[in-house]
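What follows is each chain in one-letter form.
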Amino acid sequence: MKTIKIINNQLIIKIPYDIELVSLIKTSFSGRQWDSNNKIWKAPVNEKNILATYSLTTYHGFVISSDTLPIIEKYKEQFEEDRKEADVKIAASKAIDANIEIPNSLKGELFPFQKAGVQFIENCNGKALIADEPGLGKTVQAIAWSLLHPEKVPILVICPKTLMINWEREFQKWANIKAYRINSKDTNLRYIKGIDTYIINYDIVEKMKDLLKKMNFQIIILDESTAIKNPKAKRTKAINEFIKGIPHILALTGTPTLNSRPIEMYTTLKMLSPINFGNYFEFVNKFCGAHRTRWGMDVSGATNIAELSDKLRSTVMIRRSKKDVLTELPDKTRVIIPQICDLKQYKKVEDDLISYLIESKNRSKLQAERISQVEALAKIEYLKQEAVKAKLPLFIEFVKDFMENDKKLVIFGHHREFIERLMIELKEFNPVKIMGGMSSEEKQKSIDSFQTNKNCKIFIGSITSAGVGITLTEASHMVFLELMFVPGLHDQAEDRINRIGQKNACTIYYFIADETIEQDIFNLLQSKRKVFQELMQDTNTVIENIDTNILNDLINKLTDK
């Protein structure tokens, strides 16, 4: 007799011994276990197993006991209701508009899909995974939601070191909120009157965890949350330790890694929803293809991905791609990524340059005319290179973090030494380059490789050698390591990805060393951009205008410091 009944919320399956029936039970029921004492199979009551029960009675001659049938029907109805509710939540996780009222304290207007993101966070009671593709404004969605609840302070942002200043300025830009950047020397960290937002980088969380516990944070924002994918890492253990009891957690990542290694999401998911993702063994068995090897349990696989995606979207995750909201986005967005660097050597060079420029200004008109502006430009170029040297380690860290998104990236620099350094430091991403001295055949080979080889993730180009005449539309993200004096050169370089054939809105990052000449150059580039765009039809005219535009303004800025 082949029977199925429910006792204490468990399916009890009884069969005569038959190897084919045993195989059928194993393949039909999830979470099934053999009870050797009572010679029965047990399985949890869930939607999959209820459907399996109906299948076995219809096609394999199993009998459901009369008292069990009404219970199964009730479960079936409940699962259908749960499915309808889940479908509504899944739709919300893809929403590109919402009617939520954003507080007036937000400076600026959100795109409709960003409002939908804020609504999703609100629906999740402030425990959500914002997994929109890079460039869709995850930061501002998190800030906007925090403004819905001004009483929920203080706020702690945990992010990579390279993004700390950016978060500080985004709070100031969007909400006029002053944030405090925590550093490793804050041995007496405590609440600062008038400061409700604090920013710390992942690298020092472990050291500061005891002080962070005492701050009684109400909202934690985990930017680039894949930084805690390793549960054994000190930073992950530290965050797990002090995050308990904090009511609201927002995790931000453009890389949910659904199709590669779901295990990398587990730590974050458990923080956000322990009810749905608290059982490690259930998670790895279902979604990570867990199996034993001679070296222990292997959980690096990816299984039942569609089911995992639905479960994430119906519980904690909102994710939109650029193609979903392309009609709402500008075709090109510029983002400044400011950096705090060690400027000891830079300041020495800057002081020498300022002394030289002041001395030149104080000379007689005749003497001043003899001073070649080329010489001043050479000295400024030297100062620019010192700024790049100061930020280069942070730049490399930024790029490696970005590559977690599994997106292609175009990098533009100027000097050969920096391009060659990047080729070495980023070799794991199979970079290609274009710079002065390469033949036409070599350049075309680099372009073709970037455009057609999925393993070639990074293109590194010289602004002057690769900024015109080529197409790099396999990438929709670009970052500038160095700055030129001509806005048109940057515009032309940006258009290597923002051109016919590009299917996504483009994001252009300017990686700027804070409190250096780079900041002044970028601001001047922005203020002069419209003028130079009018002159772009004649490149020579643009270059001749350097003297009377950016270079002179830059010299005046330096000597006025």
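Please read these numbers as outputs of a predicted model, since none were measured by experiment.

Caption draft 1: Seen up close, the overall build of the protein. For the protein, the helix and strand inventory stands at 23 helices and 20 strands. With the principal axes as the frame, the protein shows a C-alpha extent of 110 × 60 × 50 Å. Burial analysis of the protein (561 residues in total) assigns 50% to the buried set. Restricting to contacts in the protein with at least 6 residues of sequence separation, those with at least 24 account for 71%. Accessible area for the protein stands at about 27,600 Å²; split by element, carbon and sulfur atoms hold 49% of it. Here the protein contributes 80 positively and 72 negatively charged side chains, and the mean placements of these two sets differ by 5 Å.

Caption draft 2: Here's a closer look at the packing of helix H1 (residues 19-28) against helix H2 (residues 47-59). Closest axis-to-axis distance for the H1/H2 pair is 10 Å, and the angle between their directions is 145 degrees. Residue-level inspection shows Leu-24, Ile-25, Thr-27 and Ser-28 of H1 in contact with H2, the latter providing Lys-48, Asn-49, Ala-52 and Leu-56.

Caption draft 3: Seen up close, the sheet that holds strand E1 (residues 3-7). Here we have five strands laid out as an open sheet, ordered E3-E4-E2-E1-E5, and mixed in their pairing. The outermost strands of the open sheet, each flanked by one partner alone, are strand E3 (33-35) and strand E5 (63-64). Note: E1 against E5, two bridges, orientation parallel. What sits directly across from Thr-3, in E5, is Val-63.

Caption draft 4: Molecular detail of the pairing of strand E2 (residues 10-14). As defined by bridge partners, E1 adjoins E2 across five bridges and the pair is classed as antiparallel. Its bridge partner being in E2, Thr-3 is matched across the sheet by Lys-14. In this structure, the hairpin formed by E1 and E2 is closed by a connection of two residues, where Asn-8 is found at a positive phi of approximately 50 degrees.

Caption draft 5: Structural detail: the packing of aromatic side chains. Overall, the coordinates contain 20 aromatic pairs when judged by the stated rule. Through a chain of ring-to-ring contacts, three or more aromatic side chains come together here, namely Tyr-266, Phe-277, Tyr-280, Phe-281, Phe-283 and Phe-287. Above the face of the Tyr-356 ring, Lys-379 is positioned so that its terminal group lies 4.8 Å from the ring centre. The side chain of Lys-408 reaches across the aromatic face of Phe-450, ending 4.9 Å from its centre.

Caption draft 6: Region of interest: the side chain of Arg-313. Take Arg-313: it is sitting in helix H12 (residues 305-313). Buried charge without a salt bridge: Arg-313, with Asp-310 as the nearest opposite-charge side chain at an N-O distance of 6.2 Å. Within polar-contact distance, the side chain of Arg-313 engages the backbone oxygen of Arg-319 at 3.3 Å. Beyond its immediate sequence surroundings of up to four residues, Arg-313 is in contact with Lys-89, Ile-90, Ser-93, Lys-94, Phe-120 and Arg-319.

Caption draft 7: Geometry of the side chain of Lys-384. Note on placement: Lys-384 falls in helix H16 (residues 373-402). Discounting residues that sit within four places of it in the chain, Lys-384 has contacts with Leu-483, Met-484, Phe-485, Ile-517 and Ile-521.

Caption draft 8: Just H2, in detail. In this model H2 runs 18 Å from its N-terminal to its C-terminal C-alpha over 13 residues, within 8% of the 18 Å that 1.5 Å per residue would give. Three or more residues of H2 are buried, namely Asn-49, Ile-50, Ala-52, Thr-53, Tyr-54 and Leu-56. Against the buried residues of H2 lie E1, E2, H1, strand E4 (40-44), E5 and helix H3 (69-92). Put simply, Asn-46 is the residue that caps the front of H2, since its side-chain oxygen is 3.3 Å from the backbone nitrogen of Lys-48. Among the residues trailing H2, Gly-61 stands out with phi positive, at a value near 75 degrees.

Caption draft 9: Fine view of the nonpolar core. Counting 109 residues, the largest nonpolar core has Trp-167, Ile-221, Val-399, Val-410, Ile-411, Leu-422 and Phe-459 as its most contacted members. No other element matches the 13 residues that H16 contributes to this core. Excluding residues that lie within four positions of it along the chain, Leu-422 makes contacts with Leu-392, Phe-395, Ile-396, Ile-411, Ile-460 and Leu-481. Among the nonpolar cores identified, the runner-up in size contains 44 residues, and Leu-211, Ile-263, Met-265 and Leu-312 belong to it.

Caption draft 10: Region of the structure containing the packing of helix H5 (residues 138-148) against helix H6 (residues 164-175). The N-to-C vectors of H5 and H6 enclose an angle of 55 degrees; their axes lie 10 Å apart at closest approach. The angle between H5 and H6 falls in the class oblique. Here the hand of the crossing between H5 and H6 comes out right-handed. Residues Thr-139, Val-140, Ala-142, Ile-143, Ser-146 and Leu-147 of H5 lie in contact with H6, whose contacting residues are Trp-167, Glu-170, Phe-171, Trp-174 and Ala-175. Across the contact of H5 with H6, the residue classes tally to eight nonpolar, two polar and one charged.

Caption draft 11: Representation of the pattern of salt bridges in the model. One pass over the full model with this rule turns up 27 salt bridges. Asp-35 is paired through a salt bridge with Lys-42; the nearest N and O atoms lie 3.3 Å apart. Residue class for Asp-35 comes out buried when judged on its relative accessible area of 13%. Here Lys-89 makes a salt bridge to Glu-85, at a shortest N to O gap of 3.3 Å. Of this pair, Lys-89 and Glu-85 both sit in helix H3, four residues apart, roughly one helical turn. By relative accessible area, which is 37% here, Lys-89 ends up partly exposed. Residue class for Glu-85 comes out partly exposed when judged on its relative accessible area of 43%. Overlapping salt bridges, with partners in common, bring together Lys-332, Arg-334, Asp-491, Glu-494 and Asp-495 in one network.

Parameters and conventions
Residues numbered from 1 in each chain as written. Predicted model: local features only at pLDDT ≥ 70, side-chain atom pairs only at ≥ 80, totals over all residues. Heavy atoms only, no water. Helix = DSSP H or I, 4+ residues; strand = E, 2+ residues; numbered from the N terminus. Buried < 20%, exposed > 50% of the residue type's maximum accessible area, 1.4 Å probe, protein only. Contact = heavy atoms within 4.5 Å. Areas by Shrake-Rupley, 256 points an atom, 1.4 Å probe, with all protein chains shown as cover. Lys, Arg positive; Asp, Glu negative; His and termini not counted. Charge placed at Lys NZ, Arg CZ, Asp CG, Glu CD. Axes fitted to C-alpha atoms, helices over the stretch in contact; angles between N-to-C directions. Pairing = 2+ DSSP bridges. Phe/Tyr/Trp six-rings, centres within 6.5 Å; stacked < 30°, edge-to-face > 60°. Lys NZ or Arg CZ within 6 Å of the ring centre and 35° of its normal. Salt bridge = Lys/Arg side-chain N within 4 Å of Asp/Glu carboxyl O. Polar contact = N/O pair within 3.5 Å; in protein donor to acceptor, adjacent residues only side chain to side chain. Expected span 1.5 Å × (residues − 1). Core = buried A, V, L, I, M, F, W, Y, C linked by side-chain atoms within 4.5 Å. Parallel < 35°, antiparallel > 145°, perpendicular 65-115°, else oblique. Left-handed = near helix turned anticlockwise from the far one by under 90°. Nonpolar A, V, L, I, M, F, W, Y, C, P; charged D, E, K, R; others polar.

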